[in-house]
Every structure is written in C-alpha cells, then in structure tokens.
Protein chains: 2
Amino acid sequence: MAEFVTERQQRATQLPPGRPESPDGSEATVILERVRASVDPELRSAVASLPGSMRRIACYHFGWEHADGSPADGNAGKAIRPALVLAAADALGGPAARAAAVRAAAAVELVHNFTLLHDDVMDRDTSRRHRPTAWTVFGDADAILAGDALQALALRLLAEDPHPASGPAAARLADCVLELCAGQHADTAMEDRAPDEVTLDEVLAMAEAKTGALLGCACALGALYAGAGAAEVAALDDFGRQAGLAFQLIDDVIGIWGDPRRTGKPAGADLAARKKSLPVVAALTSGTPAAAELAELYAEPHVGADADEIARTALAVERAGGRDWAQSEAADRMARAMQELARAVPGPEEAGGLLALAEFVTRRSR
Amino acid sequence: MAEFVTERQQRATQLPPGRPESPDGSEATVILERVRASVDPELRSAVASLPGSMRRIACYHFGWEHADGSPADGNAGKAIRPALVLAAADALGGPAARAAAVRAAAAVELVHNFTLLHDDVMDRDTSRRHRPTAWTVFGDADAILAGDALQALALRLLAEDPHPASGPAAARLADCVLELCAGQHADTAMEDRAPDEVTLDEVLAMAEAKTGALLGCACALGALYAGAGAAEVAALDDFGRQAGLAFQLIDDVIGIWGDPRRTGKPAGADLAARKKSLPVVAALTSGTPAAAELAELYAEPHVGADADEIARTALAVERAGGRDWAQSEAADRMARAMQELARAVPGPEEAGGLLALAEFVTRRSR
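First things first, this report covers the structure right here in the doc. The model shown is predicted, which means the values in this text are computed figures rather than measured ones.

**Re the overall build of chain A**
Here comes step 1: Tallying secondary structure elements over chain A gives 17 helices and two strands in all.
Here comes step 2: Against the compact-globule benchmark of 21 Å for 366 residues, chain A has a radius of gyration of 20 Å, which places it among compact chains.
Here comes step 3: With the C-alpha coordinates of chain A rotated into their principal frame, the extents come out at 60 × 50 × 40 Å.
Here comes step 4: Looking at the 366 residues of chain A, the share that counts as buried comes to 58%.
Here comes step 5: Restricting to contacts in chain A with at least 6 residues of sequence separation, those with at least 24 account for 75%.
Here comes step 6: With an accessible surface of roughly 13800 Å², chain A has 52% of that area assigned to carbon and sulfur atoms.
Here comes step 7: Seen as two clouds, the 36 positive and the 53 negative side-chain charges of chain A have centres 4 Å apart.

Below, the structure is given as structure tokens:
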C-alpha cells in the first residue's frame, strides 16, 4: 500500500498549484503536526502494551527504534488517517468529539501499519520511509506476526473504549480490513495477468479497496464518534474514498511523468516496472492505435535503463489518452468528494479541516 | 499451532485409560458433534460474508471447498475451542447463555483458523487436516491475506453482537491474539537456537502462549457470555490454559514414544526433526549424564532414517527423566485445571461438559 505522501509526491510540482503555500507549511501541515501531538502518545502507549517480542518489531517499523532497540528519531508517517478521524469528529461534533476520537484515530493508524507490514512481505518491498522494511531486518515470520499483533491491538483499543461509538467503529474498521485484504489480493493477482486482460473498472475497484477504503473508514469513524447519523457517516466515508482515489490517480500520473529531480525516482519508474497503473490501463483499454503500440511495449519486460523506450512508452500512454483521463478522473473524484463533504458538513468553517486534508493528499496544496 | 486432536493422538493408546469408551463415541464426541451443528451455520455465514477472493481461500482452508471451488466434504477440525466456549457458557449460565454465545464460539474458531493459516506459512508446513495447506495451493500472499481476513471477521462478529458481553469478549480475544503472536514468535525463534540455550521455563511459557492461551480465552468468553464475575472468568481461563498445557505435554510424549502404527508418523518423528519439545528440554536441562549424551546427539542433524539413532535419542530423553517429568507435569496441570474448574463451577452436573472436553483433549477419554 502506498504511503499517502510519498517522497516523490512531496517533491513533485506537476499538478496545478492550489492555495499559496506559506513558507512554514500550509494549513494541512499545521493540522498534521497537531494530530501527531495528540495521537502519538496513544499510539506509543498502545504499542508499549504489546508483548516484548512484538513491541520490538513494531517500534522498529514505526521508526521509534533502530533494529538493535536503541531509540531512533522516528518518522512514523504523516498521520493522514488519524488526522481524518479527528477532523471528521471535529467537523461534526466539535472539540469534545475530537478529543473522544483520539483512541479511534490511533486504531486506524495501527490498522494502516498492520497492512504496511504485511504488504511489504508480500510485495517484497525492501524500503519504507527511507529505512529497510521490517521483514528484511527481522524475517518474514516476525513481520507477519507483528502485523497480526497490530491488527489485534487496533481492535482491542476500540473494544476497551467505553465510548458508545466504539462498537460500531470496531465493526466498521474490521469490515474495512476485509476490503483492504481484497484490494491487496486484487493487486497481487493483477501483477500476474497480461496487461490486456485487466479492465479499467477492475483497477479502479482495486484502488478504491486498497487506498480509498481506509481513508473513507477514517472519516466514518470520526463521524461515528461525533454521534452523526447514518447518512452523514456514509457521506464522509465516500468523501474519504473519493479523495483517496483522486490521490491514487495523481500518484500514478506522477509515477509516469514526475520529474525525477523532484520525485527522487528514475523517470517513468512505474513504466519500467510494467506497473498496471490507472493511466496505463486507461490507455491500454482506449481502443486507439497508441493502445496497440503500448500493449506491444508492455508485452516485453523493460531491459536495462533504456530511456528511449521509457519515453516511447510514456508517449504511447499519453497519446492513448491515459494522462488526460487520469487527470480528469482525479478532478471528477475530487469534485464528488467535495459534494459529499458539503452534504455531511454544510458549514465551510466546520468543513475546513477535512477540505485542507483532502487537498493535501491530492497535492493541490501542502 | 497443533491441531488439538491430531491423527496421531486419535490413534495413540499409550496413555493410561480413563473412562470406558462407548463403541459409538464418548460424551465428548457427542458434545463436539452438537457444537459443530450449532456453530457451523454461524461460521459458514460469517465466511460467506467475506469478499469473494478471501472467501475462496477460507472455504478451501476449512475444507468446505476444493481448490477449484467445488464443494468438498469438509473436515474443518474438531471444534474443541467453540465447544469450550459453549460448555463454559452452559456451565455458568445454562442453555440461554449457551445459545447467546454461539457467535463468540464462531469468533474463537475464526481466530484459531487465522493462526493456522499464518503459522503454516511461517513454518512451511505443507499438510493440514490431510490436505495441502492453503499457502501451497494459493501462494503465501493469499494465505497471509486470508488469515488477516479471518482475524478481522472474528472481531467484526463480536463487534456486531449486541450482547452486553461482546465488548469485553472482543477485548479479551484481541488480547489473546497478541499472546498467540508472542507464542508463535517464541517458537520460531527457539528453532534457531542451540538446544542447550533453551530453558524449561521458556518452553513452558511458549506452550502456554501458543496452545493454552486460546483454550483459556475460549472458556473465559463462555463465562463472560454467562454474565460471570471476574473471579469465575479468571478461573475458567486458567482451567483452559492448564488443560492446554497438559495436552501439549502429552502430545510431545506421543511425538517421541507414540507407536508409529497408531500415530501414522514414523517413530520418534519429533526427535528426527530435533524438535525442542517439552520432554526433550526437560531432559537436556536435567544435569544428568544422559542429558550430556542427548545434547551431543541433538548437536548434529538427524541423517536419513537411522532408526538406531532415534532409539538411542529416545532412550537418552527417557534416562534423563524427560518422559517421567512430562507425564507427571501433565498430571499436575490437569489437577490444577480440575481445581480451577471446581472453583468456577462447583456443581459436578454443571461442570460435566467442560470436564469431558478437558479429558478429551488430554486423551484420557475420547
């Protein structure tokens, strides 16, 4: 599963500029800072309650400890999901709801990190947050067990929470885990299929399950802790999902056309890996002559660092309409997210935090 | 994690006979049959609610479907853990509590099967319930994901249960998962250590976490659903734990001295695998001359099918007191289990079901 704000996104500037950024950070940066300050103690105390062997792996994964157990500076991620929980609670229930939802925010972050631990094992990813992944340090078995433990810890946090929303929140979070599993399954299964066997609906559904579901769930949990009704909860869930899909579409565009000096990755890295990203599948299924050319290129693995071939492939995706489609689809998803937000939270003042976070994840501002 | 009633246990006759068995099955067999009849529909409906990709793997794992999705006869295990949930609920709250606890019983069985799926991946076990393990059929990633999904499903079942005990039950079950993870970690970590570096306390603690914890949790959940007080819940948890340890001790004895014609496994299979089972570690740490001989044998891997060497190794374990210790420790654990049971459920009539199940898992009768 992708980190929400990947290095390449932080550096990329390909998308139309949004609000002007202040030199010290945007509204969202301030929100995230504040969220980490309130959720971190809950998260650390939950992890500290793990059995020793599991705690050690979790503390490494969160960046709180080095592999030898000595304290580390910590880069536990941007905390976008906890921020969505708290912003949604605040938007619908004010500061009291926000304060009550801190435990739920930590639970969502634990679930996110459980999926990261397991996805890294399955995808054989060796680097995460600029450090070797847990499985490369502790082995597959320990990374699997630590992931299992973080899932259990998340649901225990909610089960022990006396708040009346904790039961429905736990059910919703567990249900979201099922969707995350299905999304990861679809993603790994897709890797093994021929490019022309994959439909655009499938890739969109996979991205929604893998990326949108937990963002939506985070917003829904915040709404539940604010005592919101079913319609508002559903609207905020969809707000998070649509923003998540917009994020994925934009991330995929950057993965092809992002400036390597800014993304920190080689140009067209996703193309070289023959990744069936959203713009690529849109291009492949476009029925254009460029689609046929792209299919031919994708039928063979990329060899060496053939910059010409990457450029040809990127051009084929673009000529087949993949880039335009992804950008317009991202805009549509964001528009839908905004509609859902307005439905659940009509007041612009109250909606401000969620709006800033949605803009942050979709790179309109940060 | 060991199945409670392994094939070798079903066939072994090495242990002192308990109650006479009726030709058609003992009390426990009748209990288990009845439990499966009431829990199976709940379990199947929960699994049916999984996303398609996860459902397919789960249905295979439970033995309900073949790998191609066609229906199979199904050998989903003996359902010892659900039986303990229902027997504990019944013992402390009668038929109404028993009926209310069916969902919790299914949740415990889901957690058990989640750990089986993951343990098989980590231990590279290729066979489970006489069929190829899920990872050998679907690959590691899918087996990991299906395990993740079963954990989430278990906790969702409890989160959706309106019964007042469901919250405390979910917290307890999640906590038990943490202990199971720590136990599996200890087990895999022990495999990599020299035999003389492992203490008896460590192996006992590992067996309690890996085998006792979920049995204890099953009993505790039943007690919670019966509205029992903290003291009774704790006593039944310990009853399950002690019975689980007794089971493990006896299983380890059979793993060394079980008659291969009855266990279906080669003589001394655990010795050939250099397994650090309880009798072996007791022998190694006995300070006897036989311990030194055993340590020497265990320092080298077993080669080929050297029956003489296995016989010598088994004799060394026995001469070092490993066999006697394990049998007497199993008896002590069972005695403690009986004390805890009497404390929580003083009436012999009410305690009958739990007693029969404890005897069943420890092979006194079945």
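**Some remarks on the interface of chain B and chain A**
Here comes step 1: Contact residues are listed per partner, giving 33 residues for chain B and 33 residues for chain A.
Here comes step 2: For the chain B and chain A pair, buried surface summed over both sides reaches about 2700 Å², with 75% attributable to carbon and sulfur atoms.
Here comes step 3: Considering only the surface of chain B that becomes buried against chain A, Leu145, Leu178 and His185 of chain B emerge as the three largest contributors, covering 20% of it.
Here comes step 4: On inspection of chain B and its partner chain A, the count reaches two salt bridges.

**Quick word on the packing of aromatic side chains**
Here comes step 1: Counted under the stated rule, the structure contains four aromatic pairs over all chains.
Here comes step 2: Centre to centre, the rings of Tyr60 of chain B and Phe138 of chain B are 5.5 Å apart; their planes meet at 75 degrees, and the pair counts as edge-to-face. Here Phe138 of chain B lies in helix α6 (residues 134–138) and Tyr60 of chain B lies in helix α3 (residues 52–61), a separation of 78 residues in the sequence. The same class applies to Tyr60 of chain B and to Phe138 of chain B, which are both buried.
Here comes step 3: Sitting above the plane of the Trp135 of chain A ring, Arg124 of chain A keeps its charged end 3.8 Å from the centroid.

**Remarks on the nonpolar core**
Here comes step 1: By size, the foremost hydrophobic cluster in this structure holds 196 residues, and its most contacted members are Leu110, Leu236 and Leu354 of chain A together with Leu110, Leu236 and Leu354 of chain B.
Here comes step 2: Those residues in contact with Leu236 of chain A that lie beyond four places of it in its chain are Ala88, Leu92, Gly216, Cys219, Ala223, Leu341, Ala344, Val345 and Leu354 of chain A.

**So, unusual backbone geometry**
Here comes step 1: For His130 of chain A, which is not a glycine, the phi torsion comes out positive at approximately 65 degrees.
Here comes step 2: Along the chain, His130 of chain A falls in the loop between β1 (127–128) and β2 (131–132).

**Some thoughts on the pattern of salt bridges**
Here comes step 1: A full pass over the atoms with the stated rule returns 41 salt bridges over all chains.
Here comes step 2: Residue Glu329 of chain A pairs with Arg333 of chain A through a salt bridge whose shortest N-O separation is 3.0 Å. One end of the pair is Glu329 of chain A and the other is Arg333 of chain A, both in helix α16 (residues 322–344) and four residues apart, which spans about a single turn. Comparing Glu329 of chain A with Arg333 of chain A, the two get one shared label, buried.
Here comes step 3: For Lys275 of chain B, the salt bridge goes to Asp270 of chain B, with nearest N and O atoms at 3.8 Å.
Here comes step 4: Of the residues examined, Lys275 of chain B reaches a relative accessible area of 30% and is grouped as partly exposed.
Here comes step 5: In this structure Asp270 of chain B comes out as buried when scored by relative accessible area, which is 8%.
Here comes step 6: Residues joined in a network through salt bridges with shared partners are Arg172, Glu179, Glu208, Asp237 and Arg241 of chain A.

**Topic: helix α7 (residues 140–159) of chain B**
Here comes step 1: For α7 of chain B, spanning 20 residues, the distance from its first C-alpha to its last is 29 Å, which sits close to the expected 28 Å at 1.5 Å a residue.
Here comes step 2: Counting buried positions along α7 of chain B gives 18 out of 20 residues, so the element sits mostly inside the fold.

**Examining the environment of Pro162 of chain A**
Here comes step 1: Looking at the element boundaries, Pro162 of chain A is found in the loop between α7 (140–159) and α8 (166–191).
Here comes step 2: For the pair Pro162 of chain A and Lys265 of chain A, spaced 103 residues apart in sequence, the C-alpha separation works out to 46 Å.

**With respect to the relation of the copies chain B and chain A**
Look at the two chain copies: a rotation about an axis and a shift along it is all it takes to match them.
Here comes step 1: The two copies are related by a screw operation: chain B maps onto chain A through 180 degrees of rotation and 0.0 Å of translation along the axis, at an RMSD of 0.0 Å. Classification of the inter-copy transformation places it as that of a two-fold axis.
Here comes step 2: Of the interface residues in chain B, 100% have counterparts in chain A that sit at the interface too, so the contact is made through matching surfaces.

**What about helix α9 (residues 200–225) of chain A?**
All names here are of chain A.
Here comes step 1: With 26 residues, α9 ought to run about 38 Å at 1.5 Å a step, and its terminal C-alpha atoms sit 36 Å apart, in line with that.
Here comes step 2: The sharpest bend along α9 comes to roughly 50 degrees, located at Gly212.
Here comes step 3: After α9 finishes, the residue Gly227 shows a positive phi value of roughly 75 degrees.

**Section: the side chain of Arg274 of chain B**
All names here are of chain B.
Here comes step 1: When you line up the elements, Arg274 lands in the loop between α12 (269–272) and α13 (278–284).
Here comes step 2: Given the relative accessible area of 10%, Arg274 is considered buried.
Here comes step 3: Discounting chain neighbours no more than four positions away, the residues touching Arg274 are Leu297, Tyr298, Glu300, Pro301, His302, Glu309 and Thr313.

**Describing the state of the cysteines**
What we call a disulfide is simply a covalent bond connecting the sulfur atoms of a pair of cysteines.
Here comes step 1: Taken as a whole, this structure holds zero disulfides over all chains when the rule is applied.
Here comes step 2: No disulfide involves Cys181 of chain A; its sulfur sits 9.5 Å from the nearest other cysteine sulfur, which is in Cys176 of chain A.
Here comes step 3: Of the cysteine sulfurs around Cys59 of chain B, a residue in no disulfide, the closest is that of Cys181 of chain A, at 15 Å.
Here comes step 4: The buried category is assigned to Cys59 of chain B, whose relative accessible area is 9%.

**Examining the environment of Val111 of chain B**
Residues and elements named next belong to chain B.
Here comes step 1: On the secondary structure map, Val111 appears in helix α5 (residues 102–123).
Here comes step 2: Between the C-alpha atoms of Val111 and Asn75, which are 36 residues apart in sequence, the distance is 17 Å.
Here comes step 3: Contacts of Val111, omitting those with residues within four sequence positions, involve Ala154, Leu173, Val177, Leu180 and Leu214.

**A short note on the side chain of Arg129 of chain A**
Residues and elements named next belong to chain A.
Here comes step 1: Of note, Arg129 is situated in the loop between β1 and β2.
Here comes step 2: Owing to a relative accessible area of 12%, Arg129 belongs among the buried residues under this scheme.
Here comes step 3: A polar side-chain atom of Arg129 sits 2.9 Å from a polar atom in the side chain of Asn113.

**Topic: the packing of helix α4 (residues 80–100) of chain B against helix α17 (residues 348–361) of chain B**
Two quantities define a packed helix pair, namely the angle between the axes and the distance from one axis to the other.
Residue and element names in this part refer to chain B.
Here comes step 1: Where α4 contacts α17, the axes come no closer than 7 Å and their chain directions differ by 160 degrees. In this view, α4 runs roughly antiparallel relative to α17, as classed from their interaxial angle. Judged by the twist between their axes, the crossing of α4 over α17 is left-handed. Facing Ile80, Ala83, Leu84, Ala87, Ala88 and Ala91 of α4, the residues of α17 in contact are Glu350, Gly353, Leu354, Leu357, Phe360 and Val361.
Here comes step 2: In the contact of α4 with α17, the residues fall into ten nonpolar, one polar and one charged.

The rules behind the values
Residues numbered from 1 in each chain as written. Chains lettered and ligands numbered in written order. Predicted model: local features only at pLDDT ≥ 70, side-chain atom pairs only at ≥ 80, totals over all residues. Heavy atoms only, no water. Helix = DSSP H or I, 4+ residues; strand = E, 2+ residues; numbered from the N terminus. Rg over C-alpha atoms; globule rule 2.2 N^0.38 Å. Buried < 20%, exposed > 50% of the residue type's maximum accessible area, 1.4 Å probe, protein only. Contact = heavy atoms within 4.5 Å. Areas by Shrake-Rupley, 256 points an atom, 1.4 Å probe, with all protein chains shown as cover. Lys, Arg positive; Asp, Glu negative; His and termini not counted. Charge placed at Lys NZ, Arg CZ, Asp CG, Glu CD. Buried area = accessible area lost by both parts, 1.4 Å probe. Salt bridge = Lys/Arg side-chain N within 4 Å of Asp/Glu carboxyl O. Phe/Tyr/Trp six-rings, centres within 6.5 Å; stacked < 30°, edge-to-face > 60°. Lys NZ or Arg CZ within 6 Å of the ring centre and 35° of its normal. Core = buried A, V, L, I, M, F, W, Y, C linked by side-chain atoms within 4.5 Å. Expected span 1.5 Å × (residues − 1). Least-squares fit on C-alpha atoms with pLDDT ≥ 70 in both. Bend = angle between axes of the 7 residues up to and from the residue. Disulfide = S-S within 2.5 Å. Polar contact = N/O pair within 3.5 Å; in protein donor to acceptor, adjacent residues only side chain to side chain. Axes fitted to C-alpha atoms, helices over the stretch in contact; angles between N-to-C directions. Parallel < 35°, antiparallel > 145°, perpendicular 65-115°, else oblique. Left-handed = near helix turned anticlockwise from the far one by under 90°. Nonpolar A, V, L, I, M, F, W, Y, C, P; charged D, E, K, R; others polar.

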